[in-house]
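Listed below are the residues making up each chain.
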Amino acid sequence: TTLSGSSDGATIYEPQRVVVIGAGPVGALAALYFAKGGWQVTVCELRGDLRNPENRSLNFTKSINLAISERGINGLRTVDPELTESILDEAIPMHGRMIHDHRGRQSSQKYDVHKRFIRSIDRSRLNEKLLDELDRMSNVELKFSHNLKSLSLEKNEAVFERRLNSGEYENVRMQADLFIGADGAHSQTRRQMMKYVRLNYSQEYIDSLWCEFQIPPHPETGDFQLDPNHLHIWPRQTFMFIALPNQDRTFTCTLFMPEEMFKNIVGPEALVSFFKKEFPDVVSLAGEDGLIGDYLKNQKLPLISLKKCNPYHYKGKCVILGDASHAMVPFYGQGMNCGFEDVRVLWEHICNDTNLADALDNYTSERYPDCITINDLAMNNYVEMRASLQQHPVFRGDKAGQT
Ligand code: FAD
């Protein structure tokens, strides 16, 4: 809040206005921090409301579940301990990795000597719970089907293109003291901010693509077909298959593999023989038809790493968080976790620094080296997960927090 004088001379507090661009996990959490801090918050999201089942398919480019660790939980807990507990109630603890070899033998590698663990969580449920919480607050407005087109930061104004039910579009202008870009790896906020600040930036696509599969519950018992308290990995040197548990006793699996290898799998027969050779136990768990169906239906998506983005802000007017500022490959399981930490660190500066400009300046200075480091760790863990793991098949000591 800012101080200003009222007509009768008394001091009044004016709530400041923030517009958050993107209602993914990081944007929704940022909105919650600012709303609880008394700001007027408007969240503008390109897509329709993901809580409406009709809009679910629009979110197909995101993994179904992900690993949440202490870094992310801390970001949640700092703003809302109760909500955090209700989110964690639906998460499944993963105490270690389970390595699957070519013969289907499994060996467990605990993450941590102190028994700390990471958790598998449904991405949509997490996002929905954050949005539900925002809906309950009187100082928050959620606006869906709002696509950021441009930012005039000197005028403190954003222009969104709003999709109407008729299918037509209209422009919507919004004024704010602060704009927060949490609009993902291909951030329009970042692109707009580049007009105002000498923003250094580099991005890289790795050669691997990812494709999702499902392992259903056991057909007779209805139970998990694999130990649910592990993150399962089938490391195969240049590619790998992983599986994370879900509440409904399924596993969501991801095949990470070079594009060339995907191209070489032409047709259902080639797919089944590839799985029989590389991941024979998966064929019996997922079934040939299941594998074929998922492979034909699901996209093969690229992985981007966005590294040298600096600064993350412009004056006291605009800042980018989460994937918009540091999208990373998913192999360290820290992309969203790191985005949640961004929000917590930013809020500390907003609360403690002299003014917004200092807060954003100090945020970039503090956060940049940390984000670069996590980004590097994520890239290095790709080699570790798909290859090096096999050389250390037993116990690997203190690894809590990483996948
Ligand atoms: P996003 O989730 O990308 O959300 C951005 C939002 O902004 C979207 O809703 C989008 O519609 C909206 N938007 C975009 N453009 C505009 C616009 N112009 N105007 C308005 N709105 C806009 N992370 C982990 O921590 N643990 C894991 O285990 C993990 N596993 C992963 C597995 C895979 C296969 C992948 C690909 C990623 C994984 N990640 C993981 C990373 C994680 O998904 C991201 O870091 C996280 O989603 C980033 O959240 P975000 O809110 O910053 O961005």
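Residues numbered from 1 in each chain as written. Predicted model: local features only at pLDDT ≥ 70, side-chain atom pairs only at ≥ 80, totals over all residues.

## Some remarks on the site of the ligand
Every one of the 35 residues lining the ligand counts as a neighbour, but Gly22, Gly24, Gly184, Gly322 and Gly335 are closest to it. Counting residues per element, the ones that place at least two in the shell around the ligand are α1 (25-36), β5 (65-68), β11 (146-152), α10 (323-326) and α11 (335-352). By residue number, the principal contributor to the shell around the ligand is α11, which donates four residues. Grouping the amino acids of the shell around the ligand by side-chain chemistry returns 14 nonpolar, 16 polar and five charged. (Near = placed C-beta within 6 Å. Helix = DSSP H or I, 4+ residues; strand = E, 2+ residues; numbered from the N terminus. Nonpolar A, V, L, I, M, F, W, Y, C, P; charged D, E, K, R; others polar.)

## A short note on the environment of Ile215
Mapping Ile215 onto the fold places it in strand β15 (residues 203-215). Overall, the presence of 23 C-beta atoms within 10 Å leaves Ile215 in the buried class. Each C-alpha atom of the pair Ile215 and Met240 lies 16 Å from the other, and the pair is 25 residues apart in sequence. Setting aside chain neighbours within four positions, we find Ile215 in contact with Gln225, Ala243, Thr250, Phe251, Cys253, Leu285 and Ala286. (Buried ≥ 20, exposed ≤ 12 C-beta atoms within 10 Å, placed from the backbone. Contact = placed C-beta atoms within 7 Å.)

## Topic: the sheet that holds strand β3 (residues 17-21)
Read across the sheet, six strands follow the order β10-β4-β3-β14-β21-β20 without closing on themselves; strand pairing throughout is mixed. This sheet does not close on itself; its edge strands, each paired only once, are β10 (140-143) and β20 (313-314). (Pairing = 2+ DSSP bridges.)

## What about the nonpolar core?
One finds Val20, Leu29, Ala30, Ala31, Ile180 and Leu321 to be the most contacted residues of the largest nonpolar core, which totals 94 residues. Excluding its chain neighbours within four sequence positions, the residues that come into contact with Ala31 are Val20, Val41, Val43, Leu134 and Val140. (Core = buried A, V, L, I, M, F, W, Y, C linked by C-beta atoms within 7 Å.)

## Structural notes on the pairing of strand β14 (residues 178-181)
In β14, alternate side chains face the same way, and those of Leu178 and Ile180 on one face and Phe179 and Gly181 on the other are all buried. Taken together, the three bridges between β14 and strand β21 (residues 318-320) define a ladder with parallel strand orientation. Note on β21: the bridge partner recorded for Phe179 is Cys318.

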